[in-house]
Amino acid sequence: MKRYLLCMLSLVFILADIKGVFPQPTGLWVAGKIDKRETGKDSDLKMKMILTDKKGRERKRTLFVIRKDFNGEDKLLLKFAYPNDISGTAFLVWEHKGEDNERFLYLPALGRIRRIATNQKDENFAGTDFSYEDISGRKLEDYTYHLEKELAVYEDNECYLLISYPKDSDSKYPKILSWVRKDNFITLKADYYNNTGEIEKTYKCLELKQIDKIWTVLELLMENHKIRHKTLIRVEKIKYNQGLSSKRFERKELKR
Amino acid sequence: MKKLAELLYKFRFWCLAIVIIVTVVFGFLINIQTDNSLKVWFSSDNPDYLMYENYREVFEGGRYFIVALRSDNIFSLDILSYIKEKTACLKNLPQAKSVHSLANANRIIGTSEGIEINPLLSRLEKKNLVKIKKNALEDELFKNYLISSDGKFTAIVIAFEEMSSEKADKAVSLVEEIVEQGKPENLEIFFSGDMKMLTEFNRFTGENQRILPMLVLPVICLFIFILFRSWYKNFVLFLVIGMSLFCTLGFYSFLGYPFNVITGMLIPLIVILSIADGVHIIKYFDEIKEKGSKKETFINTLEHITLPCFITSITTACGLLSLVISPIDAVKHFGIGAAVGIMFAFFISIIIVPYCLILLPVNQRGKENKYWQSCLKGIAEFNEKRFKYILVTAMLVFVFFAWGITKITIETNQIEWFPHEDDFYKSTMLVNQNLSGIGDMALVIEGEEDILKEPEILRKMDKLSGAIGQLPGVKKVISLADYIKTINKALKEDNPQYYKIPDSKSLIAQELFLFTFSDEGREELKNIVTPDYKQGKISIKIESISSRESILLADLIQKMAGDTFSTTKVNVFFSGTLYLYNLMNEYLLKSQIKGFSLAFLLVCSILFIAFRSIKYGCLSIIANLFPIVSIIGIMGWFGITLNTGTVMVASVALGIAVDDTIHFIFRFRRELKNNKISVPDTLRKTTVSVGSAVTSTSIINIAGFLILLISGFQPTREFGLLIALTLFFALIGDMLILPASIMAMRRLLIPDSNERIK
């Protein structure tokens, strides 16, 4: 009986596979996995940024970042600690589904909070080569997806090769080719193609580690080949799920 | 010389074969490349050029292409949409470093809630058009740069890297094609900027290379026929022209030199000058043709004509070679190419022309023009009888023209090189009148890191910018201080009283940090300040690009900048394409004065060595000072400026003018030695015999150079006119002043025989 059951189960699995009960992965499926990847309810981190221009001149910045998920809409607060002349400058982003994000800035020398209006999602963040989207994450519904290859190897890692096409026709990068690790859905590399079909930017994950059981990119690089400028971000400390209070993401928090 | 002539006859077939092989080899080497970019004007180690390269590297872009748009209704939905679409399209051009227009211009505005750094056209809808117009016209950063004060002109400014002429032509064509596509009906488009000027230079270089020689050749052909009345001789001289041109261009290509607006004149110059030796050979050959066999005529001609032709070629080459000391590569290349071309023409002439002439039967070797002969006899008699009047008149004319030299102005205005009815000229004038002008200069301020965040430095920069803006001819001044003032005002609810540099360095740093949050903000600042705030520039757009005016302006601004920043730790220097061009003019003029002095010394030395006589050397210098002084005097009296195009004339003219003098004196001395006749008789014989060849070559050359007047390009026209006038005055010098001077100084020149001096 037991043997019979085993045989029947094997047959069911074989048939299920043939009939597509376990569907083949699609671009949207991979993108959905990336979107739903565990990032914690909140996070608190310290990072260093090194911006290098085409002449090799470096500018360094240190900042503290807290993030919290508010029912699928993230709020993000960044405070600059270095260089000294911008120390205390703080930036708050409120993500809104289906409408423009709200951005607030606090300049300590001015002593007042200011709202910043910008329209472009793919605009670079704070003079770096990362866009606001790269920092705060993409909205799944803003793109269409195509799985170029189900198996692509990037630095000995098995990856999905995913192509994302933005729905916004004004986008600076009409095609993004990403190498997404199969086991944890972390993007290891991404090439950003511009309107002329050239790779304008390349993202690389340089160090990846599990912290509090959450896969965390500790060092990441974005290189703009067109202007020969690059930004390296190094996460120095990170804590997840600290139970950050919602009040810490209010406008008045910018001044603290 | 006789031995050489005999050798040339003995090995005439070998010589012919060598000349043909050399011509074919050089013919295969011909590779005409046009390049009017900055690197052809400057040596790669030139300090000012290196400084400019550094400036260009730091502040992006180098050449600007201005697409000016005119309409009574710029702020309509269709025109603004068109500008938006074209700006996006042009930004994708790989060669374009940046594109600036109303479509990507940012407004920094304060709101009750915060600050907006928004593209001016971010909400391009019909209901917002009035607001967009108001915003554009009120913004100090756009005014007279992207939009004219009456709102009828706007510009799309594209910055390109410095590039080769070929690439520039392609890039400009592509931009023009993109812009013309889907143009709204009520919109006029004008193209200007120094990038466009570069491609216009390429166009005129092509014209100098191809069209002008095609026009010069029939004229030369006609005049040769009138003078010799022989198609065969026409053919022989054209063979010399063709072979000289092949060798010169092959050699020029072999050296890897490109063609540009200056060196483009090389082809017409060689076409015209290469016939001189041939004409002298034919004239002498015709003169003695019936006195001996083919061989004797061949040898006799070369025996008597080779040395003067060689010396005339050497003097012309020396005049041209003096251009080598110029720091401007284009001028150097022209000098080397033309000097080598003249020597090729000499060697080809003495091998080809006599060989071709002996192929003709004696009775077909040409007829003397009786009318011409009687004219020359008349001139000789006039010289003999009226030599005192000639000398006094020449002296008066000389003084008059020498006075004109004091009136000469040194100025290059490259825009004025273009015909006034030319589209580029008209477009540039419109841009100058309505927008910021195409002249771009930059005052670079540099110091330690973050120096440009210091309120003291920024206030001084602001004060200096304001003062520069008040200077006559300055259309627009933009510096980092303008951006900081605008951001500061925006952060204070757009209160105009905060349109100033803040007192706190931290606030300035944070305001700049805020501004560079956006791509647009960073894009704007990258052209005005380096990311480490070590170097910043005050961008100065000026109306005219006249070298004299802009150098005066630059000197004044540099003095003002020196005074303003004297107590600070910053250095200040000037750069920018226009400034570099003006420096180039200054170099060129200084070097050409040296070059002319060198040419004068070289030519004089050759004359003294060739004549082996100080007296005859001095005599030839007197005869040649007349055309040189006359031509510079004419430039002074008629307001022809000494500029990049005309500055070479004196050196080139000296080399050419002296040729006829050499032929005249050589012949005179030979006649004096061989025939025991009086000085007036010798002069008469010389005037009639050598005068025929001298006037023939001069007339042909003058006609050839006058054809350059057809060119639409001012430097080519002026070069042609001035060289033609030089040849005319040189002809007067050789046919009237030189014989008159010999008459006046006959006792001094020939002291040993009183009998021969009547």
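The residue count restarts for each chain, going from 1 along the sequence in the order it is written. Chain letters start at A and ligand numbers start at 1, both assigned in the order the entries are written. Whole-chain, interface and lining totals are the exception, using all residues; otherwise, since this is a predicted model, local features are given only for residues with pLDDT of at least 70 and side-chain atom pairs are given and counted only at 80 or more.

In this section: the overall build of chain A. Along the backbone of chain A there are 3 helices and 13 strands. For the exposure call, what matters is how many other C-beta atoms sit within 10 Å of a residue's own: 20 or more marks it buried, 12 or fewer exposed, and in between partly exposed, using C-beta atoms placed from the backbone. The 256 residues of chain A split such that 27% are buried. Remark: residues whose backbone-derived C-beta atoms lie within 7 Å of one another are considered to be in contact. Taking the contacts inside chain A whose residues are at least 6 apart along the sequence as the reference set, 43% of them involve residues at least 24 apart. Secondary structure elements are defined from DSSP: runs of H or I of at least 4 residues count as helices, runs of E of at least 2 residues count as strands, and each element is numbered from the N terminus.

Helix and strand counts for chain B stand at 26 helices and 10 strands. Its C-alpha atoms give chain B principal-axis dimensions of roughly 110 × 50 × 40 Å. Looking at chain B as a whole, 54% of its 758 residues qualify as buried.

All names here are of chain B. On the basis of which strands lie adjacent, the open sheet formed by 4 strands has the order 8-9-7-10 and antiparallel pairing. Single-partner strands in this sheet number two, and they are strand 8 (474–478) and strand 10 (571–575). The average undirected angle you get between the axes of adjacent strands in this sheet is 20°. Pairing between strands requires that DSSP locate at least two bridges from one strand to the other. As paired elements, strand 8 and strand 9 (residues 535–542) share 4 bridges and run antiparallel to each other. Within strand 9, the position partnered with K476 by the bridge is K541. An axis is simply a line fitted to the C-alpha atoms; with a helix, the fit covers only the stretch in contact. Between two such axes, the angle follows the N-to-C directions and lies from 0 to 180 degrees.

Connectivity within a nonpolar core runs through C-beta atoms within 7 Å, and the core itself is a set of buried Ala, Val, Leu, Ile, Met, Phe, Trp, Tyr and Cys residues. Counting residues in hydrophobic clusters, the biggest one holds 275 residues, and the most contacted among them are L102(B), V240(B), L443(B), A653(B) and I723(B). For this core, the element with the most residues is helix 12 (residues 329–358) of chain B, which contributes 18 residues. With 10 residues, the next largest nonpolar core counts Y160(A), L161(A), W179(A) and V180(A) among its residues.

Where interface size is given, it is often the accessible area lost as the parts come together that is meant. All names here are of chain B. Source of the domain bounds: an automatic or database domain assignment. Considered domain by domain, chain B is made up of domain 1 (1–30 + 229–365), domain 2 (62–196), domain 3 (368–406 + 577–758) and domain 4 (423–576). Residue-level contacts link 29 residues of domain 1 with 38 residues of domain 3. Of all the secondary-structure elements, those providing two or more residues to the side of domain 1 that touches domain 3 are helix 9 (266–273), helix 10 (276–288) and helix 11 (294–321). Looking at which element gives the most residues to the side of domain 1 that touches domain 3, the answer is helix 11, with 10 residues. The classification used treats Ala, Val, Leu, Ile, Met, Phe, Trp, Tyr, Cys and Pro as nonpolar, Asp, Glu, Lys and Arg as charged, and all other residues, Gly among them, as polar. Here the side of domain 1 that touches domain 3 is composed, by residue class, of 20 nonpolar, 7 polar and 2 charged.

The subject of this paragraph is the pairing of strand 9 of chain B. Regular strands place their side chains on alternate faces of the sheet. Residue and element names in this part refer to chain B. The buried count for strand 9 comes to 8 of 8 residues, which makes it a mostly enclosed element. By the alternation rule, side chains of strand 9 split into Q535, K537, S539 and K541 and G536, I538, I540 and I542, which are all buried. Relative to strand 9, strand 7 (residues 439–446) runs antiparallel, the two sharing 8 bridges. From the neighbouring strand, G439 faces strand 9, where its bridge partner is I542.

All names here are of chain B. The span you would expect from a helix comes to 1.5 Å times its residue count less one. In this model helix 13 (residues 370–385) runs 22 Å from its N-terminal to its C-terminal C-alpha over 16 residues, within 8% of the 22 Å that 1.5 Å per residue would give. If you check which residues of helix 13 are buried, you get L376, A380 and N383. Seen end-on, helix 13 carries its buried residues on one side only, within an arc spanning 60°. Facing away from the buried surface of helix 13 by more than 90 degrees, the exposed residues are K370, Y371, S374, G378 and K385. Looking at the packing, one finds that the buried side of helix 13 touches helix 14 (387–405), helix 24 (679–707) and helix 25 (714–744). Directions are taken from the helix axis to each C-beta atom, and the arc is the one they span.

Time to look at unusual backbone geometry. All names here are of chain A. In this model, Y82 is joined to P83 through a cis peptide bond whose omega is 0°. Within the secondary structure, P83 is located in the loop between strand 3 (73–82) and strand 4 (90–94). A positive phi angle is found at K213, which is not glycine, with a value near 65°. By the element assignment, K213 lies in the loop between strand 11 (199–211) and strand 12 (214–224).

The partner chain A presents 22 residues to the 26 residues of chain B that form the contact. Elements represented by at least two residues in the side of chain B that touches chain A include exactly strand 4 (114–119), helix 18 (505–515) and helix 19 (519–525) of chain B. If one sorts the elements of the side of chain B that touches chain A by residue count, helix 18 of chain B sits on top with 7 residues. Among the residues making up the side of chain B that touches chain A, the classes are represented as 10 nonpolar, 9 polar and 7 charged.

Residue and element names in this part refer to chain B. Two elements in contact, helix 9 and helix 12, have axes whose closest approach is 10 Å; the angle formed by their N-to-C orientations is 25°. What the angle tells us is that helix 9 and helix 12 run roughly parallel. Here the hand of the crossing between helix 9 and helix 12 comes out right-handed. Of helix 12, the residues touching helix 9 (which contributes L266, L269, I270 and L273) are F334, G337, A338, G341, I342 and A345. Along the lines of polarity and charge, the residues of the contact of helix 9 with helix 12 split into 8 nonpolar, 2 polar and no charged. Any angle that falls under 35 degrees is termed roughly parallel, while one over 145 is termed roughly antiparallel, one within 65 to 115 roughly perpendicular, and all others oblique. By convention, the crossing between two helices is left-handed when the near helix turns anticlockwise from the far helix through less than a right angle, and right-handed when the turn is clockwise.

This part is about the packing of helix 7 (residues 194–228) of chain B against helix 8 (residues 231–254) of chain B. All names here are of chain B. With their axes 9 Å apart at the nearest point, helix 7 and helix 8 run at an angle of 135° to one another. As summarised for this structure, helix 7 and helix 8 are arranged oblique, according to the angle between their axes. As for how helix 7 packs across helix 8, the hand of that crossing is right-handed. Each of C221, I224, F225 and F228 in helix 7 lies in contact with helix 8, whose residues at this interface are K233, N234 and L237.

Residue and element names in this part refer to chain B. In space, the 4 strands of this open sheet follow the order 2-5-1-6, with antiparallel pairing throughout. Taken across any chain shown, the strands that pair with only one partner, and hence form the sheet edges, are strand 2 (96–100) and strand 6 (188–192). Pairwise comparison of adjacent strand axes, ignoring direction, gives a mean angle of 20° for this sheet. Of the pairings in the sheet, the one linking strand 1 (residues 63–70) to strand 6 comprises 5 bridges and is antiparallel in character. Directly across from V67, in strand 6, lies its bridge partner F191. Here helix 4 (residues 77–91) sits on the sheet in contact with strand 2 and strand 5 (153–160), set at roughly 5° to strand 5.

Moving on: the environment of W372(B). Looking at the element boundaries, W372(B) is found in helix 13. C-alpha separation for the pair W372(B) and T695(B), spaced 323 residues apart in sequence, amounts to 10.0 Å.

Turning next to the environment of E446(B). Residue and element names in this part refer to chain B. As for its position among the elements, E446 is in strand 7. Under the C-beta neighbour-count criterion, E446 is labelled partly exposed, with 16 such atoms within 10 Å. Counting along the chain gives 215 residues from E446 to W231, while the straight-line C-alpha distance between them is 69 Å. Once residues lying within four places of it in the same chain are set aside, the contact partners of E446 are K534, Q535, V570 and N571.

What follows covers the environment of K295(B). Residues and elements named next belong to chain B. Tracing the backbone through its elements, the reader meets K295 in helix 11. Judged by local crowding, K295 falls into the partly exposed class, with 13 C-beta atoms found within 10 Å. Along the backbone, K295 and K615 are 320 residues apart, and their C-alpha atoms lie at a distance of 36 Å.

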